[in-house]
There are 2 protein chains.
Amino acid sequence: MQIDGVDQRIIALLVADARASYADIGSRVALSAPAVKRRVDRLRAAGVIRGFTAVVEPAAVGWTTESFVELFCTGRTTPAQIAVATRRHPEVIAAYTVSGEADALVHLRAADIAHLEQALERLRAEPFVTSTRSMIVLSRLVDSPTVVPAPS
Amino acid sequence: MQIDGVDQRIIALLVADARASYADIGSRVALSAPAVKRRVDRLRAAGVIRGFTAVVEPAAVGWTTESFVELFCTGRTTPAQIAVATRRHPEVIAAYTVSGEADALVHLRAADIAHLEQALERLRAEPFVTSTRSMIVLSRLVDSPTVVPAPS
DNA sequence: AGTGAAATTCTCCGAAG
DNA sequence: CTTCGGAGAATTTCACT
């Protein structure tokens, strides 16, 4: 899909505040509210904007422990298998196949260390996992939402 | 702050769709629209809800390459130093201090491999970085927004 | 893409538990 | 003292230009 500079500015404004009114966005990009809505609808339909979400402080809802786990898998493991398996665990908030030593990187969030240990144990029990290497998150230093490059 | 089950359900609904109307949320949690707004305002003020953002498909806005970089730092490096340094690079979308072999884990997003290489070079030039280990993301398998535990 | 209007939704202020 | 429901104000959303 073709995205012009106005689209990018609209996206950036929605990333900054997903509940901004169309009229407000329109005033910042010199467009009427209906014109903004049409563009947003088009961007959503095209999958450029996947949705709108509230950014929640995990600690405030009882998730205090975060970790990244590198997965080492058996030779025949497919990305689809890893995807299906990791999606089953509610503690998994993201998972990627990666190049490097490990085969996949899994981002976990748990209530506490005990809960994390449980989740890790379950993950390690997956038949294709040969070993894991964990990094516990001590502190979050940076956490930007997706940055949209400034229109040229 | 005290969060009850209704708050948690409101948070879950907003995570699923940050542009949902207060009236719609209210009908799902058996509350009037004004009552929902009061709660959301309170949750925002308390920092439980940090904000509302659009979820953008990075590839659609020209960011096609993603990677995780483990940072190994000199002995005297403080988390604050790493935070300040990593925040300077626009390619850094997240950074954490971690336990394990590495001192920090940096999540990078770049336009392409060449851009990623540049960003990595700049990151490695930070005076406290002794070495790095990179994982290039091959595919995103799972990408859930923050999951809110179901009210008990 | 803009304009105007109808329907919906937001947000303040008073009322009740 | 906190939480909820109703009325004016703003916003969304549609047809048409």
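Analysis parameters
Throughout, a residue's number is its position along its own chain's written sequence, starting from 1. Labels follow written order: the first chain is A, the first ligand is 1, and so on. With pLDDT at 70 or above as the cut-off, local features in this predicted model cover only qualifying residues; side-chain atom pairs require 80 or more to be listed or tallied, and sums for whole chains, interfaces and linings still use all residues. The side-chain figures draw on all heavy atoms in the structure; neither hydrogens nor water molecules are used. When accessible area is computed with a 1.4 Å probe and restricted to protein chains, residues below 20% of their type maximum are described as buried, those above 50% as exposed, and intermediate ones as partly exposed. A run of DSSP states H or I qualifies as a helix once it reaches four residues; a run of E qualifies as a strand once it reaches two. Both are numbered from the N-terminal end. Strand pairing is assigned whenever DSSP detects at least two bridges linking the two strands. Think of it this way: a Phe, Tyr or Trp ring, Trp meaning its six-membered ring, pairs with another when their centres are within 6.5 Å, and the plane angle makes it stacked under 30 degrees, edge-to-face over 60, tilted otherwise. Charge-over-ring contacts are defined here by two conditions on Lys NZ or Arg CZ: a distance within 6 Å of the ring centre and an angle within 35 degrees of the ring normal. UniProt positions are given in the numbering used here, feature names are shortened, and annotations may be inferred rather than shown by experiment. One heavy atom within 4 Å of a molecule or strand makes the whole residue count as near it. Counting of polar contacts relies on pairs of N or O atoms within 3.5 Å, with two restrictions inside protein: one atom must be capable of donating a hydrogen and the other of accepting it, and residues adjacent in sequence are counted only when both atoms are side-chain atoms. Contacts: residue pairs with any heavy atoms within 4.5 Å of one another. Salt bridges are identified by distance alone: a Lys or Arg side-chain nitrogen within 4 Å of an Asp or Glu carboxyl oxygen.

Per an unreviewed UniProt entry, chain A is named Lrp/AsnC family transcriptional regulator, and its organism is Micromonospora zhanjiangensis.

Novice: Please set out the pairing of strand β3 (residues 92-98) of chain B residue by residue, giving values where relevant.
Specialist: Taken across its seven residues, β3 of chain B has seven buried, putting it largely inside the fold. Looking at chain direction, strand β5 (residues 129-143) of chain A and β3 of chain B are connected through five bridges and run antiparallel. From the neighbouring strand, Ser139 of chain A faces β3 of chain B, where its bridge partner is Thr97 of chain B. Sheet analysis places β3 of chain B next to strand β4 (residues 104-110) of chain B, joined by five bridges and oriented antiparallel. Considered in β4 of chain B, the bridge of Val92 of chain B is made with Leu108 of chain B.

Novice: Help me get a handle on the packing of aromatic side chains, residues and values and all.
Specialist: Tallying each qualifying case throughout the model produces three aromatic pairs over all chains. We note Arg19 of chain A situated over the ring of Tyr22 of chain B; from NZ or CZ to the ring centre the distance is 4.6 Å.

Novice: Before we move on, can you summarise the UniProt feature "domain: HTH asnC-type" (unreviewed entry) in chain A with the specific residues and values?
Specialist: The UniProt record annotates "domain: HTH asnC-type" (unreviewed entry) at residues 3-64 of chain A. The span residues 3-64 of chain A shows a helical share of 53% and a strand share of 13%, and its end C-alpha atoms are spaced 39 Å apart.

Novice: Tell me about the protein's contact with DNA strand C, residues and numbers included.
Specialist: Taken together, the neighbourhood of DNA strand C is formed by Arg19, Leu31, Ser32, Pro34, Ala35, Arg38 and Arg39 of chain A together with Ser21, Tyr22, Ala23, Pro34 and Lys37 of chain B. For DNA strand C, the backbone makes up 46% of the atoms found within 4 Å of the protein, where backbone means sugar plus phosphate. For DNA strand C, a phosphate oxygen lies 3.3 Å from a polar atom in the side chain of Arg39 of chain A. A distance of 3.0 Å is found between a phosphate oxygen of DNA strand C and a backbone nitrogen or oxygen belonging to Tyr22 of chain B.

Novice: Tell me about the side chain of His115 of chain A, and name the residues and values.
Specialist: Residue and element names in this part refer to chain A. Here His115 lies in helix α5 (residues 113-124). Of note is the side chain of His115, whose polar atom sits 2.7 Å from the side chain of Glu91. Leave out the neighbours within four places in its chain, and His115 touches Trp63, Glu91, Ala110 and Arg122.

Novice: Just give me the short version of the pairing of strand β2 (residues 65-73) of chain B, but keep the residues and values in it.
Specialist: All names here are of chain B. Of all nine residues that make up β2, nine are buried, and the element is covered over most of its length. Neither face of β2 is left uncovered, since the one carrying Thr65, Ser67, Val69, Leu71 and Cys73 and the one carrying Glu66, Phe68, Glu70 and Phe72 both have all their residues buried. Where β2 and β4 come together, seven bridges link them in antiparallel fashion. Across the sheet, residue Glu66 finds its bridge partner in β4, namely Arg109. Sheet analysis places β2 next to strand β5 (residues 129-143), joined by seven bridges and oriented antiparallel. The residue bridging Ser67 from the neighbouring strand is Ile136, located in β5.

Novice: Hey, could you go over the environment of Ala85 of chain B for me, with residue numbers and the actual values?
Specialist: Residues and elements named next belong to chain B. Locating Ala85 in the fold gives a position in helix α4 (residues 79-87). Given a relative accessible area of 3%, Ala85 falls into the buried group. Between the C-alpha atoms of Ala85 and Leu123, which are 38 residues apart in sequence, the distance is 8.2 Å. Ignoring any residue separated from it by four or fewer positions in sequence, one finds Ala85 in contact with Glu126 and Phe128.

Novice: Describe in detail the pattern of salt bridges, supporting the description with residues and values.
Specialist: As enumerated under the stated definition, the model contains 32 salt bridges over all chains in all. Glu70 of chain A is paired through a salt bridge with Arg133 of chain A; the nearest N and O atoms lie 2.9 Å apart. On the criterion of sequence distance, the pair formed by Glu70 of chain A in strand β2 (residues 65-73) and Arg133 of chain A in strand β5 is long-range, its members being 63 residues apart. Residue classification places Glu70 of chain A among the buried residues on the basis of a relative accessible area of 2%. Taking the shortest distance from any N to any O, the salt bridge between Asp143 of chain A and Arg50 of chain B comes out at 3.3 Å. Of this pair, Asp143 of chain A sits in strand β5 while Arg50 of chain B is found in strand β1 (residues 49-56), placing the two residues in two different chains. Via salt bridges that share partners, Arg50 of chain A together with Glu57, Glu66, Arg109, Arg140 and Asp143 of chain B belong to a single interconnected network.

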